[in-house]
Amino acid sequence: KKSKMHQCSVCYKLFPRPSGLATHMNSHSGAKPFKCPIPTCTKSFAVRSNAKRHLRTHGIFPSADHASTSPSQFTVGFDTPLVSEVHEAGKLPSKLRWVPPSLATRS
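In this report, the structure presented in the accompanying data block is examined. All of these numbers come straight from a predicted model, not from anything done at the bench.

**Digging into the overall build of the protein**
For step 1, the next point in the chain: Regarding its fold elements, the protein presents three helices and four strands.
For step 2, the next point in the chain: Its helices and strands taken in sequence order, the protein reads β-β-α-β-β-α-α from the N to the C terminus.
For step 3, the next point in the chain: With 107 residues in all, the protein has 21% of them scored as buried.
For step 4, the next point in the chain: Across the protein, contacts joining residues at least 24 apart in sequence account for 33% of those joining residues at least 6 apart.
For step 5, the next point in the chain: With the model as given, the accessible surface of the protein reaches about 8,600 Å², and the carbon-plus-sulfur share is 55%.

Laid out in structure tokens, this is it:
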């Protein structure tokens, strides 16, 4: 059985599944559709698994195999991504650098 590969129209990389190609296309467009559900957090991610891993920084462990974690007050699905600002293919999104609040006020 011959499996069909799915090719990126920008860099020609091949993926065995269309979902892998769709996630990869975020790297070209700059889209970060997976937003952190914490109201005070402005982080968003191009890859669902990175968004779920980020939740640990808030003390939230989405997988059920963490016995020490109490039931979360947040529902973490990331099933329906919200499309953020998308950049033109071939153009890099603007680079942002995180600065700790203690350094943000220095001149």
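**So, helix H1 (residues 18-29)**
For step 1, the next point in the chain: With twelve residues, H1 should reach 16 Å at 1.5 Å per residue; the first-to-last C-alpha distance of 16 Å fits that figure.
For step 2, the next point in the chain: Among all positions in H1, only Leu 21, His 24, Asn 26, His 28 and Ser 29 are buried.
For step 3, the next point in the chain: Summarising the contacts, the buried residues of H1 are in contact with strand S1 (6-7) and strand S2 (14-15).

**Quick word on the state of the cysteines**
For step 1, the next point in the chain: Tallied over the full model, the rule gives zero disulfides.
For step 2, the next point in the chain: For Cys 36, which is in no disulfide, the shortest distance to another cysteine sulfur is to Cys 41 and amounts to 3.7 Å.

What counts, and at which threshold
- Residues numbered from 1 in each chain as written.
- Predicted model: local features only at pLDDT ≥ 70, side-chain atom pairs only at ≥ 80, totals over all residues.
- Heavy atoms only, no water.
- Helix = DSSP H or I, 4+ residues; strand = E, 2+ residues; numbered from the N terminus.
- Buried < 20%, exposed > 50% of the residue type's maximum accessible area, 1.4 Å probe, protein only.
- Contact = heavy atoms within 4.5 Å.
- Areas by Shrake-Rupley, 256 points an atom, 1.4 Å probe, with all protein chains shown as cover.
- Expected span 1.5 Å × (residues − 1).
- Disulfide = S-S within 2.5 Å.

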